[in-house]
Amino acid sequence: MSTAVLDFSDLEAEFNSYIGAINYATMVTVDAKNRPRTRVLIPVWENVDGQPLGWLATYRTPVKAAHIAGNPHATFSYWQPGNNSVAIDAIAGWDNALPAKEHVWDLYRKTSPRGAGYHLGNFGKAPSDPQLHVLRLTPWRIQVIRGIDLRSRIWRADRA
């Protein structure tokens, strides 16, 4: 049984705890023929004015770029043994402006939420590195499931 929550804050603590512990998410996009493609990545997340916002430092591969250009909807799935999980449906868009890249560099460095992220120095030399690309992830639906009893809570942006 799932329960709807109106405010992201109603599930934010569990969201942060699970993502910080799991760290890796499976990202799903679709191609022009609606065929899914998955890849395992490490996004970071923050709360901006009471709303969740995600960022993904990533390579801008031809496949990922084509998928995002054709359909910006992406799903991120976190799961760990014991069945604690988080599913995030979001709109993804490239944001390679230097202020965004600097902000994302800092979020990865400090880990956000705690435990999620890594030092991007392994990925690029600095925020200004042309190899560093950033996807802004605007969630429209988040589901958090507690594994011990499968309690599910769902936040949707259109109810916020």
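Among the residues of helix α2 (residues 62-70), Lys 64, Ala 65, His 67 and Ile 68 are the ones counted as buried. Looking straight down α2, one finds its buried side chains confined to an arc of 165 degrees; they lie on one side. Exposed residues lying more than 90 degrees from the buried face of α2 are Pro 62, Ala 69 and Gly 70. Of the surrounding elements, those touching the buried residues of α2 are β2 (25-30), β3 (36-41), β5 (51-58), β7 (85-94) and β8 (133-146).

Counting residues in each nonpolar core, the largest one holds 39 residues, and the members touching the most others are Phe 15, Phe 76, Tyr 78, Val 86, Ile 88 and Ile 142. Setting aside chain neighbours within four positions, we find Ile 142 in contact with Phe 8, Leu 11, Phe 15, Pro 52, Val 86, Ala 87, Ile 88, Arg 153, Ile 154 and Trp 155.

Evaluation of the coordinates by the stated rule reveals seven salt bridges. Residue Arg 141 is joined to Asp 89 by a salt bridge in which the shortest nitrogen-to-oxygen separation is 3.7 Å. With a gap of 52 residues between them, Arg 141 in strand β8 and Asp 89 in strand β7 connect regions that are remote in the sequence. Here the two residues Arg 141 and Asp 89 agree in accessibility, since each one is buried. Between Asp 149 and Arg 146 there is a salt bridge whose closest N-O contact spans 2.5 Å. Classification of Asp 149 by relative accessible area gives partly exposed; the value is 43%. For Arg 146, a relative accessible area of 26% corresponds to the partly exposed category. Three or more residues joined by partner-sharing salt bridges are found here, namely Glu 14, Arg 151 and Arg 153.

Put simply, Ser 112 and Pro 113 share a cis peptide bond, and its omega is -5 degrees. By the secondary structure assignment, Pro 113 is in the loop between α3 (98-110) and β8. Phi is positive for Asn 34, close to 60 degrees, though the residue is something other than glycine.

Right, let's get into the pairing of β7. In this structure, strand β6 (residues 73-79) lies alongside β7, joined through seven bridges in antiparallel fashion. When the bridges of β7 are listed, Tyr 78 appears paired with Val 86. From the end of β6 to the start of β7, which pair antiparallel, there are five residues, and Gly 82 there has a positive phi angle of about 100 degrees. In this sheet, β8 lies alongside β7 in antiparallel orientation, the contact comprising ten bridges. From the neighbouring strand, Asp 89 faces β8, where its bridge partner is Arg 141.

Here β6 shows a buried face lined by Ala 74, Phe 76 and Tyr 78 and an unburied face lined by His 73, Thr 75, Ser 77 and Trp 79. Pairing between β2 and β6: three bridges, direction antiparallel. Directly across from Thr 26, in β6, lies its bridge partner Ser 77.

The rules behind each value
- Residues numbered from 1 in each chain as written.
- Predicted model: local features only at pLDDT ≥ 70, side-chain atom pairs only at ≥ 80, totals over all residues.
- Heavy atoms only, no water.
- Buried < 20%, exposed > 50% of the residue type's maximum accessible area, 1.4 Å probe, protein only.
- Helix = DSSP H or I, 4+ residues; strand = E, 2+ residues; numbered from the N terminus.
- Arc of directions from axis to C-beta.
- Contact = heavy atoms within 4.5 Å.
- Core = buried A, V, L, I, M, F, W, Y, C linked by side-chain atoms within 4.5 Å.
- Salt bridge = Lys/Arg side-chain N within 4 Å of Asp/Glu carboxyl O.
- Pairing = 2+ DSSP bridges.

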